[in-house]
Amino acid sequence: IWQDEYNTKLHYIFKEFFLEYVEKIKKQAPDVIAFSAYYCNIQPIVFIAEELRLRLPNVKLMIGGPYMQTSSDKVPKVVSKLDGKRLWDYGVIGEGEILYLQILSQIESGMEFDQTEIYSQPEKQRINLNNMPIPDYSDFDFDDYRFPNGILSEFSRGCVAKCTFCDETHFWLYRQRESVDAITEIETLYNTKGTDVIWFIDSLVNGNLKELRGFCKGIEAKGLDIHWTGYARCDGRMDIEY
């Protein structure tokens, strides 16, 4: 139903906006473009991917995200309406950090496949969010961005709730990043890049109230003058003092 509604009522509204960004991506001439797909954005993703394939015929297109958890069988069958050829070169089921590096290595070595290659994270494997390398932004000019003082970061993955309507419940297992680890990343970028705005991309930033409190106290103790935001559930334990 959602996809029908999008095609008939929404696509014409957003089409030109999408094409504007397709042209911006074309100017960058990337070798690989990856999409994170949900059931609610798969239609515009396919549209954008088709347009990119038309303009960048040699680009490698990759798709991942919760959509792959339930619909990975559909991905190899998708062909571009523009030229009738397969749309996706690679698909990833599960967390992408390890698999993405494997795919990039194959691309750099010149490996080619006749069909869409689907890679799946082992069922019980989960990425440890702690002690990962601090993002290397040394080649990034932050002034090219609308918010040159902002970054995306991650404080946890998954959600402690079990809402039946939500993809996150099935896609992730909840894991909490230690507050000290998150503070180290933010402090480094604060001092080297002037980053003072952080968007946490977690499904649930207050899944572990102890670590969240530790994060706030740590930021205060270090005197980091930052602003941050994230998604949270209503929780009665988060009183005014908290």
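What comes next concerns the included structure. Just so you know, the residues in each chain are numbered from 1, in the order the chain's sequence is written. Local features in this predicted model are restricted to residues of pLDDT 70 or higher, and side-chain atom pairs are both shown and tallied only at a pLDDT of 80 or more, whereas totals for entire chains, interfaces and linings draw on every residue. Only hydrogens and water are set aside; all other atoms, that is, all heavy atoms of the structure, feed into the side-chain values.

Here we come to the overall build of the protein chain. Going along the chain from the N terminus, every DSSP run of H or I of four or more residues is numbered as a helix, and every run of E of two or more is numbered as a strand. Within the protein chain one finds seven helices and nine strands. Dimensions along the principal axes, computed over C-alpha positions, put the protein chain at roughly 60 × 40 × 40 Å. Put simply, the protein chain has 242 residues, and 38% of those count as buried. Two residues qualify as a contact provided that any one of their heavy atoms is within 4.5 Å of a heavy atom in the partner residue. Relative to all contacts within the protein chain whose residues are 6 or more apart in sequence, the contacts with residues 24 or more apart total 77%. Carbon and sulfur atoms make up 53% of the accessible area of the protein chain, which totals about 15000 Å². Residues counted as positive are Lys and Arg, residues counted as negative are Asp and Glu, and His and the chain ends are not counted. By convention, charge coordinates are those of NZ in Lys, CZ in Arg, CG in Asp, or CD in Glu. Computed over 27 positive and 38 negative side-chain charges, the inter-centroid distance for the protein chain is 4 Å. Note on exposure labels: buried denotes an accessible area under 20% of the residue type's maximum, exposed denotes more than 50%, and partly exposed covers the range between, all computed with a 1.4 Å probe on protein chains only. Only the protein chains shown count as cover for residues, and all accessible areas are computed by the Shrake-Rupley method using a 1.4 Å probe.

Right, let's get into unusual backbone geometry. Residues other than glycine predominantly adopt negative phi, and peptide bonds predominantly adopt the trans conformation. One non-glycine residue with positive phi stands out, namely Ala 29, at about 50°. In this structure, Asn 131 is a non-glycine residue whose phi angle is positive, near 65°. Tracing the backbone through its elements, the reader meets Asn 131 in the loop between strand 4 (117-120) and strand 5 (150-153).

Looking now at the packing of aromatic side chains. Working definition: rings of Phe, Tyr and Trp (its six-membered ring) pair if their centres are within 6.5 Å, and the pair is stacked with planes under 30 degrees apart, edge-to-face with planes over 60 apart, and tilted otherwise. Scanning the entire structure with this criterion turns up 16 aromatic pairs. Between Phe 200 and Phe 215 the ring centres are 5.5 Å apart and the planes differ by 80°, which places this aromatic pair in the edge-to-face class. Taken together, the residues Phe 200 in strand 8 (residues 197-200) and Phe 215 in helix 7 (residues 209-222) connect sequence positions 15 residues apart. The same class applies to Phe 200 as to Phe 215, namely buried. Ring geometry for Phe 200 and Trp 228: centres 5.8 Å apart, planes at 70°, overall edge-to-face. Of this pair, Phe 200 sits in strand 8 while Trp 228 sits in strand 9 (residues 227-229); the two residues are 28 residues apart in sequence, bridging distant segments of the chain. Through successive ring pairs, a cluster of aromatic residues spans Phe 14, Phe 17, Phe 18, Tyr 21 and Phe 47.

Judged by side-chain polarity, Tyr 12, Ile 13, Phe 14, Phe 17 and Tyr 21 come together as a nonpolar surface patch covering roughly 530 Å² of accessible area. Here Phe 17 lies in helix 1 (residues 2-28). Grouping into patches uses exposed residues only, defined as over 30% relative accessible area, and leaves out salt-bridged ones; the cut-off is 9 Å for like charges and 5 Å for nonpolar side chains (Val, Leu, Ile, Met, Phe, Trp, Tyr). A carboxyl oxygen of Asp or Glu within 4 Å of a side-chain nitrogen of Lys or Arg is what we treat as a salt bridge.

To continue, consider the state of the cysteines. The disulfide definition used here is simple: a pair of cysteine sulfur atoms within 2.5 Å. Under the defined criterion, the tally for this structure stands at zero disulfides. Not engaged in a disulfide, the cysteine Cys 159 finds its nearest cysteine sulfur in Cys 163; these two sulfurs lie 6.2 Å apart. By relative accessible area, Cys 159 is classed as buried at 19%. With no disulfide of its own, Cys 216 lies closest to Cys 234 among cysteine sulfurs, the gap being 17 Å.

Each axis is a line fitted through C-alpha atoms, and for a helix only the stretch in contact is used; angles between axes span 0 to 180 degrees, taken between their N-to-C directions. One way to put it is that helix 6 (residues 179-193) packs onto helix 7 with a least axis distance of 9 Å and a crossing angle of 40°. Here helix 6 and helix 7 pass one another in a crossing that is right-handed. Counted together, Ser 179, Ala 182, Ile 183, Ile 186 and Glu 187 of helix 6 and Glu 211, Gly 214, Phe 215, Gly 218, Ile 219 and Lys 222 of helix 7 form the full contact between these two elements. Note on residue categories: nonpolar means Ala, Val, Leu, Ile, Met, Phe, Trp, Tyr, Cys or Pro, charged means Asp, Glu, Lys or Arg, and polar means any other residue, Gly included. Of the residues in the contact of helix 6 with helix 7, the class split is five nonpolar, three polar and three charged. Less than a right angle of anticlockwise turn of the near helix away from the far helix marks a crossing as left-handed, whereas a clockwise turn marks it as right-handed.

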